[in-house]
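# Examination of the molecular architecture
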Amino acid sequence: MDAKDIEILRLVQRNARLTADAISQDVGLSAPAVQKRLKKLRETGVIEREIAVLAPGKLGRDMTIIAEVILERESRMHLDEFKRKMREAPCVQQCYYTTGEADFLLILTVQDIKEYEAFTQEHFFDESNISRFKTAVVMDRVKTSLDVL
């Protein structure tokens with residue numbers, strides 16, 4: 001990967017809908033050269049996927065919750081099971097297996113506190129391997145990004 005690839009990645013991570021022509025004008029390469037580089041960046045996994053970032057509030061998902069989860073046991077089986085459940089839970093936007101006091105840090109978007117309560121009943125209270133969890137309700141989305149560069 002060279003400086004041109006980095007320039008391309010910076011542009012694409014801000015707007016994945018840019019055409020190769022538009023990118024080529026900004027980075028000083030031909031459109032076919034940009035297409036070739038993008039293809040390679042996708043094939044090698046540098047570009048994992050291209051997504052649309054949705055506004056949760058406009059879709060009735062007005063609350064963002066940050067939850068810290070501490071497990072009772074951390075065997076591979078228990079970790080894999082918890083990870084699987086979080087991947088399958090529609091309201092979980094992000095799930096991180098972490099060091100420190102909490103084993104997992106979750107970012108969730110929910111309609112209201114009732115939906116979060118139902119989530120905690122199903123995934124925390126009814127789960128014997130959850131030792132405890134701590135919840136923070138987000139008051140303001142100051143910055144949300146998946147940008148790497």
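For the structure given in this document, a descriptive report is provided here. (Residues numbered from 1 in each chain as written. Predicted model: local features only at pLDDT ≥ 70, side-chain atom pairs only at ≥ 80, totals over all residues. Heavy atoms only, no water.)

Turning our eyes to something else, we now look at a nonpolar patch on the surface. A cluster of nonpolar side chains, Ile51, Val53 and Leu146, forms an exposed patch at the surface whose accessible area comes to about 320 Å². Along the polypeptide, Val53 turns up in the loop between α3 (31-43) and β1 (63-71). (Patch = residues over 30% accessible without salt bridge, like charges linked within 9 Å, V, L, I, M, F, W, Y side chains within 5 Å. Areas by Shrake-Rupley, 256 points an atom, 1.4 Å probe, with all protein chains shown as cover. Salt bridge = Lys/Arg side-chain N within 4 Å of Asp/Glu carboxyl O. Helix = DSSP H or I, 4+ residues; strand = E, 2+ residues; numbered from the N terminus.)

To continue, consider the sheet that holds strand β4 (residues 130-137). Spatially, β2-β3-β1-β4 is the arrangement adopted by the 4 strands of the open sheet, whose pairing is antiparallel. Edge positions in the sheet fall to β2 (92-97) and β4, since each of these pairs with one other strand and no more. If you compare each strand with its neighbour and ignore which way they point, the axes differ by 20° on average. Relative to strand β3 (residues 104-110), β1 runs antiparallel, the two sharing 7 bridges. Across the sheet, residue Val69 finds its bridge partner in β3, namely Phe104. Together, β1, β2, β3 and β4 form the strand contacts of helix α5 (residues 113-125), whose direction differs from that of β4 by roughly 165°. (Pairing = 2+ DSSP bridges. Axes fitted to C-alpha atoms, helices over the stretch in contact; angles between N-to-C directions. Contact = heavy atoms within 4.5 Å.)

Attention shifts here to the packing of aromatic side chains. Under the definition given, this model contains 6 aromatic pairs. Judged by centre distance (6.3 Å) and plane angle (20°), the ring pair of Tyr116 and Phe119 falls under stacked. Highlighted residues: Tyr116 and Phe119, both in helix α5, separated by 3 residues, approximately one helical turn. Grouping residues by exposure puts Tyr116 and Phe119 together as buried. Here the aromatic cluster, defined as three or more aromatic residues joined through ring pairs, consists of Tyr116, Phe119, Phe124, Phe125 and Phe133. (Phe/Tyr/Trp six-rings, centres within 6.5 Å; stacked < 30°, edge-to-face > 60°. Buried < 20%, exposed > 50% of the residue type's maximum accessible area, 1.4 Å probe, protein only.)

Another aspect to go through is the pattern of salt bridges. Tallied over the full model, the rule gives 13 salt bridges. With its nearest N and O atoms 2.9 Å apart, the salt bridge here joins Asp5 to Arg37. Here the residue Asp5 occupies a position in helix α1 (residues 3-14), and Arg37 occupies one in helix α3, the gap between them amounting to 32 residues. Looking at Asp5, the relative accessible area reads 10%, which means it is buried. One salt bridge in this structure joins Glu115 and Arg61, with 2.9 Å as the shortest N-O distance. A residue pair is termed long-range when its members are at least 10 positions apart, and Glu115 in helix α5 and Arg61 in the loop between α3 and β1 qualify at 54 residues. Residue classification places Glu115 among the partly exposed residues on the basis of a relative accessible area of 23%.

For any two helices packed against each other, the geometry is given by the interaxial angle and the distance between the axes. Between α1 and helix α2 (residues 20-27), the least distance of the axes is 10 Å, while the angle of their chain directions is 130°. Taken together, the axes of α1 and α2 lie oblique to each other. The way α1 lies across α2 gives a crossing that is right-handed. Where α1 approaches α2, its residues Lys4, Glu7, Ile8, Leu11 and Val12 are matched on the opposing element by Ile23, Asp26 and Val27. (Parallel < 35°, antiparallel > 145°, perpendicular 65-115°, else oblique. Left-handed = near helix turned anticlockwise from the far one by under 90°.)

Right, let's talk about the environment of Phe119 for a bit. Taking the relative accessible area as the measure of exposure, Phe119 reaches 5% and is therefore buried. Residues Phe119 and Ala89 lie 30 residues apart in sequence; the distance between their C-alpha atoms is 8.7 Å. Contacts of Phe119, omitting those with residues within four sequence positions, involve Met86, Ala89, Cys91, Val92, Leu106, Leu108 and Phe124.

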